[in-house]
Structures are given as C-alpha cells and as structure tokens.
Amino acid sequence: MKLALVGIGKIALDQHVPAISASPDWELAATVSRHGTVEGVPAYTRIEEMLSSHPEIEVVSLCLPPVPRFLAARAALEAGRHVMLEKPPGATLAEVHALEAMAAARGLTLFATWHSRMAHAVAAAKSWLADRKVHSGRIIWREDVRKWHPGQEWVFEPGGMGVFDPGINALSILTEILPAPVHLTAAELEFPANRQAPIAARLSFTGSIEADFDWRQEGPQTWDIEIDTDAGAMALRLGGNVLEIGGTKAEGAESIMEEYPALYARMAGLVRQGASDVDLAPMVHVADAFLLGRRTAVEDFEF
Ligand code: NAP
C-alpha cells in the first residue's frame, strides 16, 4: 500500500522511515513537511496539495506534534484516506473522538498508535498478570529532556504535555497490562515558572499504584514499572523491553519485532480488516492529572 508521511522531524526520520522501508506492506510515496524531506520521495509542504496530487495514496501517517495534528488528520479523512496517529493521538480528547466518528462514518481506518505497547516484553507482562491479583504498583519514568528532545520548544507549550510526553508511554503500558482498570485519585505537577507544561509529575491511582515522572534526570535513565501481586513481584524495565519475575529476568517470552515495524504491521492488518484501533485510556489519565493536579512552580527551564 502507498503511504504518505506528514511531519518529517525527529521521530519520522529515526523510526518511521526505516520501519516503512523495511516493511513488505508499505511504500513511502510522498512526504508533507515545511522543512523536512526524505531523499527520493516526492515532497509537499501542504497536505491538501499532496492529497489532491496523489489519489493512489491510501494511508496517511502523521508524525506531527499533537497540536497541529488534528487539522491534518481531518484533511486526510475528508479525502478518503486511512490515518495513523503518533502518540499522544491529539491535543484534546474531544478532537480524537471527532476523528474517530469521522473515520467510522466513512468506513476508514483510524489507528491511534502507542509505540511503547509494542516493546518486547509488554505482551508477556500482560499475559503473566492476566490471572493475578494486583496489590500495588510503581512507575518510575525519569529521563533527560535535553537529551531526548533537544530544542523542541513545543513540548513545553500548551498541548505539548511536558513530562507527560514520555509519561504517557508508561501509562500506555500500564493500561495495556493491568488485569482491571484503575483511575487517578491525586496528582502533583511541577511547572517551570517560565513554561506552560510540567517538567515533573507524581500521580496516585486506585489500586495503590503510584507514578513518578521527571524530565530532569541526568546520567542513567529510568523507565521502570514494578507491580506487586498475589504471586510475587513483576517488573518491566527499559521501557517495557525487559520482564522480571520475582527479581529474575524472564527468558523466552519476548516479541521479536521492534516497536515501529510492529505498529506498521498492525496498521496494515487494520486496513485489510476495515477496522480501527483508538484506545484513549492513557490520555484520559493525563487529562485527569491536569484536571485534578496540584500545581507548584519550580525553577525556570531552558534547553
Ligand atoms: P519534531 O521533530 O519536533 O516535529 C516533527 C515535525 O513536525 C517537525 O520537524 C515539523 O516539520 C513539524 N511541525 C512541528 N511543529 C509544527 C507545527 N506547529 N505545525 C506544523 N508542523 C509542525 O517532533 P518529534 O520528536 O518527531 O515528535 C512528533 C510526535 O512523535 C510527537 O507527538 C511525539 O510525542 C511523538 N514521538 C516522538 C518521539 C521522539 O523520540 N522524539 C518518540 C516517540 C513518539 P516541518 O517544520 O518540516 O513542517
């Protein structure tokens, strides 16, 4: 299937282009970006022009930041194309509901991707937890924003979500693996005094689950989820890539596919089945943290 990629920036070049190139399902037939291009691929700066020039392109994959994503997604759906959304799927919940309704009304596929759910050990963790009782859990998601988002001012703008940009990856795993849903009961958000989005957040959920997100961690980075159950401790480390049971690495239950190839394989399957996959559970928790969170101002942040 022919595909167009919109928003040729960091994640498009790091992950999407290699995953598409290596896939038997996809051909990258056009790009849309004001500055970015991919060598050898027809490039446009406006999505409307790309859509009218390429009626043969069935699928549009959006790698823009969340705020500009809705208008591009709507234009693609209105032009009868299937749409794949980077995470988080939008800047607000309502706009993603609107896209979902638009796709359903036209019989098109909408895939709100959560790349961390495709990490190697997530499916194994989910199946291990399926018939266990969860007593408590801890998420520790601490990374260095200067290392992973150098100069990306949008992450601290309204709708950029701040530390929830990586934190929502942890929540996408949590909502995938827990045998029963939880909801947020309290949150503390730390906003740099000169910014519109938090740099750190601590969240409490029902089920004695706590989360600690921090974007100021230098040195070793931490992406851990630890769950205590009636059958002992389980942990997912390295962003869902390593499963530990009772403190020992579990062998042999890991996915062989990398995250982005797995997302594109799933998108191909959804299009062939005429299905959509839009799970907003991770984003509901983030919205609830902004609704319920106690805010404190911390020192200014500059890249
Ligand atoms: P990025 O490089 O800052 O942005 C991607 C591209 O979108 C930019 O190069 C820019 O291309 C275009 N763009 C930026 N702001 C725009 C605006 N206001 N209006 C229209 N176009 C705009 O961001 P990214 O890191 O690739 O992240 C994009 C999405 O992928 C985010 O939702 C992020 O959460 C997700 N993601 C990122 C990573 C990562 O490691 N960076 C990992 C997983 C997922 P032009 O200037 O050429 O138009």
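Just so it is clear, the structure is predicted and the values come from calculations on it, not from any experiment.

Q: Residues and numbers for the overall build of the protein, please.
A: Across its full length, the protein holds 9 helices and 15 strands. A globule of 303 residues ought to have a C-alpha radius of gyration of about 19 Å, and the protein, at 19 Å, matches this closely. Expressed along its principal axes, the backbone C-alpha trace of the protein runs to roughly 55 × 45 × 35 Å. Partitioning the intrachain contacts of the protein with sequence separation of at least 6 by distance along the chain shows that 72% fall at a separation of at least 24. Side chains of the protein carry 26 positive and 40 negative charges; the gap between the two charge centres is 2 Å.

Q: Outline the packing of aromatic side chains, listing residues and values.
A: Applying the stated criterion across every chain yields a total of 8 aromatic pairs. For the pair Phe 301 and Phe 303, a centre-to-centre distance of 5.1 Å together with 85 degrees between the ring planes defines the contact as edge-to-face. Judged by relative accessible area, Phe 301 falls into the buried class, the value being 5%. An aromatic cluster is built from Phe 156, Trp 215, Phe 301 and Phe 303, whose rings are joined through pairwise contacts.

Q: Any details on the layout of surface pockets? Residues and values, ideally.
A: For the second largest pocket, the calculated volume is near 170 Å³. Taken together, 14 residues make up the lining of the second largest pocket; nearest its centre are Ala 91, Gly 159, Met 161, Val 286 and Phe 290. Considering every element that reaches the lining of the second largest pocket, the biggest residue donor is helix H9 (residues 281-292), with 4 residues. Partitioned by chemical class, the residues of the lining of the second largest pocket number 9 nonpolar, 4 polar and 1 charged. A domain-level breakdown of the lining of the second largest pocket finds at least three residues from each of domain 1 (2-112) and domain 2 (117-255 + 287-298).

Q: Describe in detail the pairing of strand E10 (residues 209-214), supporting the description with residues and values.
A: Most of E10 sits out of view: 5 of its 6 residues are buried. For strand E7 (residues 134-142) and E10, the ladder comprises 6 bridges, and the chain directions are parallel. Residue pairing in the sheet places Arg 142 in a bridge with Asp 214 of E10. Between the antiparallel neighbours strand E9 (residues 200-205) and E10 lie 3 residues, among them Gly 207 with a positive phi of about 80 degrees.

Q: Which residues make up the confidence of the model for the protein, and what values go with them?
A: On average, residues of the protein score 97 in pLDDT, and 100% of them are at 70 or above. Of all the helices and strands in the protein, strand E14 (residues 248-249) carries the lowest mean pLDDT, 94, while strand E6 (residues 110-112) carries the highest, 99.

Conventions and cut-offs
- Residues numbered from 1 in each chain as written.
- Predicted model: local features only at pLDDT ≥ 70, side-chain atom pairs only at ≥ 80, totals over all residues.
- Heavy atoms only, no water.
- Helix = DSSP H or I, 4+ residues; strand = E, 2+ residues; numbered from the N terminus.
- Rg over C-alpha atoms; globule rule 2.2 N^0.38 Å.
- Contact = heavy atoms within 4.5 Å.
- Lys, Arg positive; Asp, Glu negative; His and termini not counted.
- Charge placed at Lys NZ, Arg CZ, Asp CG, Glu CD.
- Phe/Tyr/Trp six-rings, centres within 6.5 Å; stacked < 30°, edge-to-face > 60°.
- Buried < 20%, exposed > 50% of the residue type's maximum accessible area, 1.4 Å probe, protein only.
- 1 Å grid on protein atoms, 1.4 Å probe; cavity = no way out; pocket = protein on both sides within 12 Å on 5 of 7 lines; lining within 4 Å.
- Points joined across faces, edges and corners; volume = space filled by probe spheres on them.
- Nonpolar A, V, L, I, M, F, W, Y, C, P; charged D, E, K, R; others polar.
- Domains from an automatic or database assignment.
- Pairing = 2+ DSSP bridges.
- pLDDT = per-residue confidence, 0-100.

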